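A look at the structure
Each chain, letter by letter, is given below.
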Amino acid sequence: MRTLHALHGVASLALLNLTVVLLASCSRADNDVATYRLLAMATWVDITLPRDAAEREPELIRSIETELRTFERDYYAWGDGELAALNRALSESQEFDASEGMAAVLGEAQAIARTTGGAFDPGVGALVERWGFNSDEADRGSAARPPNEAEIAELLAATGSIRDLAIDGPRIRAQSGRYTLDLGGIAKGAAVDRILARLRAHGVTPALVNAGGDLGVAGEPAERSWRIGIQAPRSDGMLGAIALRDGEAAFTSGDYERFYDVDGQRMHHILDPRTGLPVNHTQAITVVAANGTLADAAATALFVAGPGEWRSMAEQLGIDAVLRVDASGAIEMTAAMRDRFQPNR
Ligand code: ADP
Ligand code: MG
């Protein structure tokens, strides 16, 4: 999503080659970092690194792109990668031996689905597909015809929850029910974590990985902390900026990136797995968490949770910094978020 922008160290573009762009630094204080940009997972991914990283670790920098390409194929339910193969196996009642990375993400997704009572549940894949939010063209909308009540009831009845999936080491099996697993609510966070872990292992810090506004950091720039802007859901402006510390991630779920209107009502890509309908009480949720995987899934879950439930659900997830914009545009946030939030005036 475009919800957050790294305010730090990013200014103008200079093309280096077809896929990697160096964002030149604007101020003297930023001369120590460079930002690479590539298009992956249907969004711009900006990676900010120490300026000498490409000289020190050319292979590492190149391999990040390969890893992102593999990620966007393997964690997309409707393509020809690992998750698509897993869904085929589940639909044929067969066991599936997942890669270590996939099994880990499924395990985390299952734990978060259980903690949130299914507010976050990648089992919603068949519904996401029927609503037309499984591809970029679909959310442009005019061709989409929303499902009627009977179709939704039918899809809900045929939707298996990831809470009931048998995950035994790498072995994945449906105990009952039908599955179309969609990891769209957590995969970007896992990708950000994986890249940051590799950069950290090579000593390439401070680093910031920003996947279209959803981002994580490793290390901290000298004498300052990371500061990132939070996109306003109904304008091009920013709501404000928040500070991030070493190891943290900030993810936003919003209703303003993938949507279409039907009779003046906004249909968007975050569904309540209990009703099968797009959630209509929230415009945006921003979450700061100890890693991207949790931040990503938690933002989706708290978006679904709604006014009466989001604070207690955040506590259960172990997350203290949350900002919510409700359907009327009113902003509310936790005390821990207030401590690090600087509103735009
Ligand atoms: P973004 O698309 O900006 O990363 P999210 O992280 O909130 O936003 O992910 C939304 C995506 O997650 C949807 O496009 C869909 O693929 C999937 N999804 C929708 N509703 C749910 C849900 N309740 N639980 C888990 N995944 C969901
Ligand atoms: Mg998410």
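Use the structure listed above.
Described in the following lines is the structure provided in the data block. (Residues numbered from 1 in each chain as written. Chains lettered and ligands numbered in written order. Predicted model: local features only at pLDDT ≥ 70, side-chain atom pairs only at ≥ 80, totals over all residues. Heavy atoms only, no water.)

A word on the coordination of the magnesium ion (ligand 2)
A four-donor tetrahedral metal ideally has 109.5 degree angles, and a six-donor octahedral metal ideally has angles of 90 or 180 degrees. Selection criterion: Metal-coordinating donors are taken as N, O and S atoms lying within 2.8 Å of the metal, or within 3.2 Å when the metal is Na, K or Ca; because water is left out, some sites can appear incomplete. Under the scheme used here, helices are H or I runs from DSSP no shorter than 4 residues and strands are E runs no shorter than 2 residues, and both carry numbers assigned from the N terminus. The buried label applies to any residue whose accessible area, calculated with a 1.4 Å probe on protein chains only, is under 20% of its type's maximum; exposed applies above 50%, and partly exposed to all values in between.
Surrounding the magnesium ion (ligand 2) are the protein donor atoms G185 (O), D296 (O), D296 (OD) and T300 (OG1), at 2.0 to 2.6 Å. Read in sequence order, the donor residues coordinating the magnesium ion (ligand 2) give the pattern G-x110-D-x3-T. Here G185, found in the loop between strand 8 (171–174) and helix 7 (187–201), pairs with T300, found in helix 8 (residues 292–305); they are 115 residues apart in sequence, far enough to count as distant. For G185, a relative accessible area of 15% corresponds to the buried category.

Focus on the sheet that holds strand 7 (residues 165–168)
Definition in use: A strand pair is defined by DSSP finding two or more bridges across the two strands.
Reading across the sheet, the three strands line up as 6-8-7 and stay open at both edges, with antiparallel pairing between neighbours. Two strands lie at the open edges of the sheet, namely strand 6 (96–97) and strand 7, each paired on one side alone. Pairing between strand 7 and strand 8: four bridges, direction antiparallel. Looking at the pairing, L165 lines up with A174 of strand 8.

Structural notes on the environment of D121
Heads up, the rule is: A contact between two residues is defined here by any heavy atoms of the two lying within 4.5 Å. Distance and chemistry together define a polar contact, namely a pair of N or O atoms within 3.5 Å, with one atom able to donate a hydrogen and the other to accept it when in protein, and with adjacent residues in sequence counting only for side-chain atoms on both sides.
Checked against the element boundaries, D121 lands in the loop between helix 4 (100–115) and helix 5 (125–131). In this structure D121 comes out as buried when scored by relative accessible area, which is 8%. Sequence separation between D121 and L183 is 62 residues, and the spatial gap between their C-alpha atoms is 8.8 Å. The contact partners of D121, leaving out residues within four places of it in the chain, are A113, S161, I162, R163 and P273. Within the structure, D121 has its side chain in polar contact with the backbone nitrogen of I162 (distance 3.0 Å).

Concerning the nonpolar core
Quick reminder of the rule: Grouping buried Ala, Val, Leu, Ile, Met, Phe, Trp, Tyr and Cys residues that are joined through side-chain atoms within 4.5 Å yields what is termed a nonpolar core.
L49, L68, L181, L183, L199, V287 and L302 are the most contacted members of the largest nonpolar core, which has 72 residues in total. Beyond its immediate stretch of four places on either side in the chain, V287 contacts A249, A250, F251, A295, A298, A299, L302, I319, A321 and V322. Formed by 20 residues, the second largest nonpolar core is a distinct cluster that contains A232, A250, M333 and F341.

Regarding the packing of helix 2 (residues 58–74) against helix 7
Let me state the cut-off plainly: Every angle, taken between N-to-C directions, lies between 0 and 180 degrees, and every axis is a line fitted to C-alpha atoms, over only the stretch in contact when it is a helix. The cut-offs work like this: below 35 degrees is roughly parallel, past 145 is roughly antiparallel, 65 to 115 is roughly perpendicular, and the gaps in between are oblique. A crossing counts as left-handed when the near helix is turned anticlockwise from the far one by less than a right angle, and as right-handed when that turn is clockwise.
Closest axis-to-axis distance for the helix 2/helix 7 pair is 11 Å, and the angle between their directions is 160°. Accordingly, the angle class assigned to the pair helix 2 and helix 7 is roughly antiparallel. For the element pair helix 2 and helix 7, the recorded crossing hand is right-handed. The segment helix 2 lies against helix 7, with L60, S63, I64, E67, L68 and F71 engaging A187, A190, A191, R194, I195, R198 and L199.

Comments concerning the side chain of D255
When you line up the elements, D255 lands in the loop between strand 13 (249–254) and strand 14 (259–262). A polar contact is formed between the side chain of D255 and the side chain of R234, at a distance of 2.7 Å. D255 has contacts with R234, R266, H268, T282, Q283 and F303, leaving out every residue within four places of it along the chain.

Here we look at unusual backbone geometry
Residue P206 is bonded to the preceding T205 through a cis peptide linkage, with omega at 0°. By secondary structure assignment, the location of P206 is in the loop between helix 7 and strand 9 (207–211). Unlike most non-glycine residues, M41 shows phi in positive territory, near 50°. Note on placement: M41 falls in the loop between strand 4 (33–40) and strand 5 (43–50). Residue class for M41 comes out buried when judged on its relative accessible area of 18%.

Considering the packing of helix 7 against helix 8
Packed helix pairs are characterised by how far apart their axes lie and by the angle those axes make with each other. Direction vectors running N to C along helix 7 and helix 8 enclose 165°, while the axes themselves pass 7 Å from each other. As summarised for this structure, helix 7 and helix 8 are arranged roughly antiparallel, according to the angle between their axes. Here helix 7 and helix 8 pass one another in a crossing that is right-handed. Where helix 7 abuts helix 8, its residues A187, K188, G189, A190 and D193 lie against G292, T293 and D296.

As for the pairing of strand 13
Burial analysis of strand 13 places six of its six residues in the buried class, which makes it a mostly covered element. Across the two faces of strand 13 the burial is the same, with A249, F251 and S253 and A250, T252 and G254 all buried. In terms of strand pairing, strand 10 (residues 214–218) meets strand 13 through two bridges, oriented antiparallel. What sits directly across from L215, in strand 13, is A250. Here strand 13 pairs with strand 18 (residues 282–289) via six bridges, running antiparallel. Across the sheet, the residue bridging to S253 is I285, located in strand 18.

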